[in-house]
2 protein chains.
Amino acid sequence: MADVAREAGVSGQTVSRVANGRSNVDEGTRSRVLDAMRKVGYHPNNAARALRLGRFGNIGVIMFTLSSFGNMRTLDSIAMAASDHNYSLTLIPVRRPSQKDVTRAFARLHRQAVDGVIIVIETALIDTAEVHWPAGLPVVVIDAGADLPHPIVDTDQSEGARLATEHLLDQGHSTVWHVSGPANSYSATRRRQSWSDTLRHHGRSVPAPVDGDWTSDSGYRAGLVLAENSDVTAVFTANDQMALGVLRALHERGRAVPGQVSVVGFDDMSESKNFWPPLTTVRQNFEGVGRRSVEMLLHGIRHGTSTPANVLVPTHLVRRESTAPPAS
Amino acid sequence: MADVAREAGVSGQTVSRVANGRSNVDEGTRSRVLDAMRKVGYHPNNAARALRLGRFGNIGVIMFTLSSFGNMRTLDSIAMAASDHNYSLTLIPVRRPSQKDVTRAFARLHRQAVDGVIIVIETALIDTAEVHWPAGLPVVVIDAGADLPHPIVDTDQSEGARLATEHLLDQGHSTVWHVSGPANSYSATRRRQSWSDTLRHHGRSVPAPVDGDWTSDSGYRAGLVLAENSDVTAVFTANDQMALGVLRALHERGRAVPGQVSVVGFDDMSESKNFWPPLTTVRQNFEGVGRRSVEMLLHGIRHGTSTPANVLVPTHLVRRESTAPPAS
DNA sequence: CACCAAAATGTTGACGTAAACATTCTGGTG
DNA sequence: CACCAGAATGTTTACGTCAACATTTTGGTG
């Protein structure tokens, strides 16, 4: 900056004013300074600016593997929302959901220049009591259990699972089977709970759920089990990827979809429309989750206090061709 | 920091030494300082540290939509590799691949605290001559055309397309049809070029490719076209998502896969194994691409100069059940 | 042309850290 | 016990920026 000032024959302060687009600078001086900037190859140093201002214009995101469809969509929408508010994103990946790794991620976040944190973690995986939460840093949590001292934004898992289950019941199926996500995931637990609640509420029997782990492979294995059981006419799968595996298993075993077995997924990933058959599923509003969480975080950043709050983003059912009334 | 120093009755410099884990600090003093840190709620200020050191420990990543499977996997592997080298990642999303948006992303990157940049952009979309490349900042480009003044890391698109095409020819198909990615994507162009080169090299006729845009929807539309043509016995699809759409179209039109039509994809996304039928496809080593690009960038950061270089990461064919010899 | 308000520009200092150098303490040696 | 090397700790300073305040310039008024 000093070089620019010398080159343009002005003071550093004037350079600063030009760099920040202040109005009270003479047109001639401004262009002279801009020329000097170009000539010297000057770019404002963000570290110094952040040091001076005490703000970074940067949001940290802590996330496990990005390889899950939902996480990725969420990240995408967070990135867009942050960019709309002129914030950038620092991504802190956590390899395994262990206590140690999460604590390390927080530590790293502190060393990083960050104004607030969005945590996308299936927090059931860690003992929230043990985690050393970043102190004095606004935090918003996505996809978490309750009783955290932070605002939480999440898809309305219960509503979604209810919609899926009731859709199948409406079609005339006597009950609905379930392929669940991993037991240590909050959203999986919520979906499973709501599925069984809905069945009970309608006075139906609740079959034992088949455990999956979100992957299409686990869906395939679950599908093989379900295909053996001729009682099964309707399956609610806790995500679309597992639904894909279920579909494959049913095809392999010659069980017609939706002729003999109806399948409903959860997520509405962009591919689901082109599954065979096109998948009826519960659409999550990932964009809404990302946007809301960024807004809440920015509120926390600006107003210091982040009052715990709970935002549930609604879902809706997308009817396609993988569901039909049971064969009579 | 001053508070901690006062609290512990030492100088700021000693606090700094403790914070950085230097060895030449008395055990008693160290623990006294650590206690004081905890009490005061001290955390090192990264802006100040960066200002002092001139480094940030942070890599910028410029990317278009994350909603594509490949981009996501690449980002994931970059994140892991960066984290292994103790760097974090700042994500700069670019909404549309326009000149203006890209330039703005670069500008923002400069304002951000970043030691180097990895650009994951189908650069054919922008006029590289017009872009104001970040000056004095190491850059590595993924998935780009040649003739850039920066190191490039990419999957060996040509090899992959050749493997796919030759696999189908080896099965006995007289020629191979192609569903291509969008014309303005380098990788799509490479795959298409290599597919036609391979056919020509084997003396086969080269059918007109059907244009897609990477989405499964576009694959479905392409599949409907191909299904009408009874000459079609083998299709090479430029990615797995479009292959999914092709499969759906073929099923809808009653064309058996692989009985009447064989299909090969590209990417090997984790779901492809559970398509119906399980998809034969070309596996990209996304992990390798991410790792190599981070390594090259760090080299550039450490040694100042980033000599243009070209790294091609090999692919290999994964044979599953969507391909078979043509019905005789 | 003296005067003044407003605009333009300059000066000073502080943000939190760590390197370089200076000083003090420790324990062992002759 | 004087002396010394090495360890532990302290002091000073600069990193690049911008807010606050000080000063100079500009252009318009009576």
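Residues numbered from 1 in each chain as written. Chains lettered and ligands numbered in written order. Predicted model: local features only at pLDDT ≥ 70, side-chain atom pairs only at ≥ 80, totals over all residues. Heavy atoms only, no water.

1. As for the sheet that holds strand 7 (residues 210-211) of chain A
All names here are of chain A.
And step 1. The mixed open sheet is built from six strands, whose spatial order is 7-6-8-9-10-12. The two strands at the open ends of the sheet, each matched to only one other strand, are strand 7 and strand 12 (316-318).
And step 2. Bridge analysis of strand 10 (residues 280-283) against strand 12 gives three bridges, and the strand direction is antiparallel. Its bridge partner lying in strand 12, Val282 is registered against Leu317.
And step 3. Strand contacts of helix 7 (residues 157-170): strand 8 (234-237), strand 9 (262-267), strand 10 and strand 12, with the helix running at about 165° to strand 9, the strand carrying the most contacts. (Pairing = 2+ DSSP bridges. Helix = DSSP H or I, 4+ residues; strand = E, 2+ residues; numbered from the N terminus. Contact = heavy atoms within 4.5 Å. Axes fitted to C-alpha atoms, helices over the stretch in contact; angles between N-to-C directions.)

2. Focus on the relation of the copies chain A and chain B
And step 1. Turning chain A through 180° and shifting it by 0.1 Å along the axis lays it on chain B, with an RMSD of 0.2 Å. As the rotation angle and translation indicate, the two copies are arranged about a two-fold axis.
And step 2. A share of 100% of interface residues in chain A that are also interface residues in chain B marks the association as one of identical surfaces. (Least-squares fit on C-alpha atoms with pLDDT ≥ 70 in both.)

3. Comments concerning the packing of aromatic side chains
Here a ring pair, both rings aromatic, is described through the centre-centre distance and the interplanar angle of the planes.
And step 1. For the structure on display, the rule yields four aromatic pairs over all chains.
And step 2. Summarising the aromatic geometry, the rings of Phe236 of chain B and Phe266 of chain B are spaced 6.4 Å apart at their centres and angled 45° between planes, so their arrangement reads as tilted. Residue Phe236 of chain B is found in strand 8 (residues 234-237), and its partner Phe266 of chain B is found in strand 9 (residues 262-267); the two are separated by 30 residues along the sequence.
And step 3. According to the relative accessible area criterion, Phe236 of chain B is buried, its value standing at 0%.
And step 4. Exposure remark for Phe266 of chain B: the relative accessible area of 0% places this residue in the buried category.
And step 5. Cation over ring: Arg191 of chain A sits above Phe266 of chain A, and NZ or CZ is 3.8 Å from the ring centre. (Phe/Tyr/Trp six-rings, centres within 6.5 Å; stacked < 30°, edge-to-face > 60°. Buried < 20%, exposed > 50% of the residue type's maximum accessible area, 1.4 Å probe, protein only. Lys NZ or Arg CZ within 6 Å of the ring centre and 35° of its normal.)

4. Quick notes on the packing of helix 2 (residues 12-19) of chain B against helix 3 (residues 27-40) of chain B
All names here are of chain B.
And step 1. The N-to-C vectors of helix 2 and helix 3 enclose an angle of 90°; their axes lie 10 Å apart at closest approach. It follows from the interaxial angle that helix 2 and helix 3 lie roughly perpendicular. On helix 3, the residues that touch Thr14, Val15, Val18 and Ala19 of helix 2 are Thr29, Arg30, Val33, Leu34 and Met37.
And step 2. Grouping the amino acids of the contact of helix 2 with helix 3 by side-chain chemistry returns six nonpolar, two polar and one charged. (Parallel < 35°, antiparallel > 145°, perpendicular 65-115°, else oblique. Nonpolar A, V, L, I, M, F, W, Y, C, P; charged D, E, K, R; others polar.)

5. Considering the nonpolar core
And step 1. Counting residues in hydrophobic clusters, the biggest one holds 50 residues, and the most contacted among them are Ile59, Leu75 and Leu89 of chain A together with Ile59, Leu75 and Leu89 of chain B.
And step 2. With residues up to four places along the chain from it excluded, the contact list for Leu75 of chain B reads Leu66, Leu75 and Leu91 of chain A together with Val61, Met63, Leu66, Leu89 and Leu91 of chain B.
And step 3. Counting residues in hydrophobic clusters, the runner-up holds 44 residues, among them Val232, Met242 and Leu244 of chain A together with Trp214 of chain B. (Core = buried A, V, L, I, M, F, W, Y, C linked by side-chain atoms within 4.5 Å.)

6. A closer look at the domain arrangement of chain A
Residue and element names in this part refer to chain A.
And step 1. You can read the domains of chain A as domain 1 (2-44), domain 2 (55-153 + 286-312) and domain 3 (157-285).
And step 2. The partner domain 3 presents 13 residues to the 14 residues of domain 2 that form the contact.
And step 3. Interface area, domain 2 with domain 3, both sides summed: about 1,100 Å², of which 51% is carbon and sulfur.
And step 4. Counting the contacts that link domain 2 with domain 3 gives four residue pairs in polar contact (both at pLDDT 80 or more).
And step 5. The element that contributes the greatest number of residues to the side of domain 2 that touches domain 3 is helix 11 (residues 286-303), accounting for four residues.
And step 6. Tallied by class, the residues present in the side of domain 2 that touches domain 3 amount to seven nonpolar, three polar and four charged. (Domains from an automatic or database assignment. Buried area = accessible area lost by both parts, 1.4 Å probe. Polar contact = N/O pair within 3.5 Å; in protein donor to acceptor, adjacent residues only side chain to side chain.)

7. Some details on the protein's contact with DNA strand D
And step 1. Around DNA strand D, the surrounding shell holds 25 residues, and the nearest of these are Met1 and Ser16 of chain A together with Ser11, Asp26 and Thr29 of chain B.
And step 2. Sugar plus phosphate: this is where 55% of the atoms of DNA strand D within 4 Å of the protein reside.
And step 3. Tyr42 of chain A places a side-chain nitrogen or oxygen 2.8 Å from a phosphate oxygen of DNA strand D.
And step 4. In the model, a phosphate oxygen of DNA strand D is placed 2.9 Å from a nitrogen or oxygen of the Asn45 of chain A main chain.
And step 5. Top element by residues in the surface near DNA strand D is helix 4 (residues 46-53) of chain A. It accounts for four residues.
And step 6. Each residue belonging to the surface near DNA strand D can be placed in one class, and the counts come to eight nonpolar, 11 polar and six charged. (Near = heavy atom within 4 Å.)

8. Observations regarding the pairing of strand 6 (residues 177-180) of chain B
Along any regular strand the residues' side chains alternate between the sheet's two faces.
Residues and elements named next belong to chain B.
And step 1. Taking every second residue as pointing to the same face, both faces of strand 6 are buried, with Trp177 and Val179 on one and His178 and Ser180 on the other.
And step 2. Relative to strand 8, strand 6 runs parallel, the two being bridged by three bridges. Paired with His178 across the bridge in strand 8 is Phe236.
And step 3. As paired elements, strand 6 and strand 7 (residues 210-211) share two bridges and run parallel to each other. Bridging across to strand 7, Ser180 finds its partner in Asp211.

9. So, the protein's contact with DNA strand C
And step 1. Of all residues adjacent to DNA strand C, which total 26 residues, the nearest are Ser11 and Thr29 of chain A together with Met1, Gln13 and Tyr42 of chain B.
And step 2. Taking all atoms of DNA strand C within 4 Å of the protein, the share assigned to sugar and phosphate is 54%.
And step 3. Residue Gln13 of chain B places a side-chain N or O atom 2.7 Å away from a base nitrogen belonging to DNA strand C.
And step 4. Here Arg22 of chain B contributes a side-chain N or O atom positioned 3.5 Å from a phosphate oxygen of DNA strand C.
And step 5. For the surface near DNA strand C, the secondary-structure elements that each account for two or more residues are helix 2 (12-19) and helix 4 of chain A together with helix 2 and helix 4 (46-53) of chain B.
And step 6. Element by element, the count of residues in the surface near DNA strand C is highest for helix 4 of chain B, at five residues.

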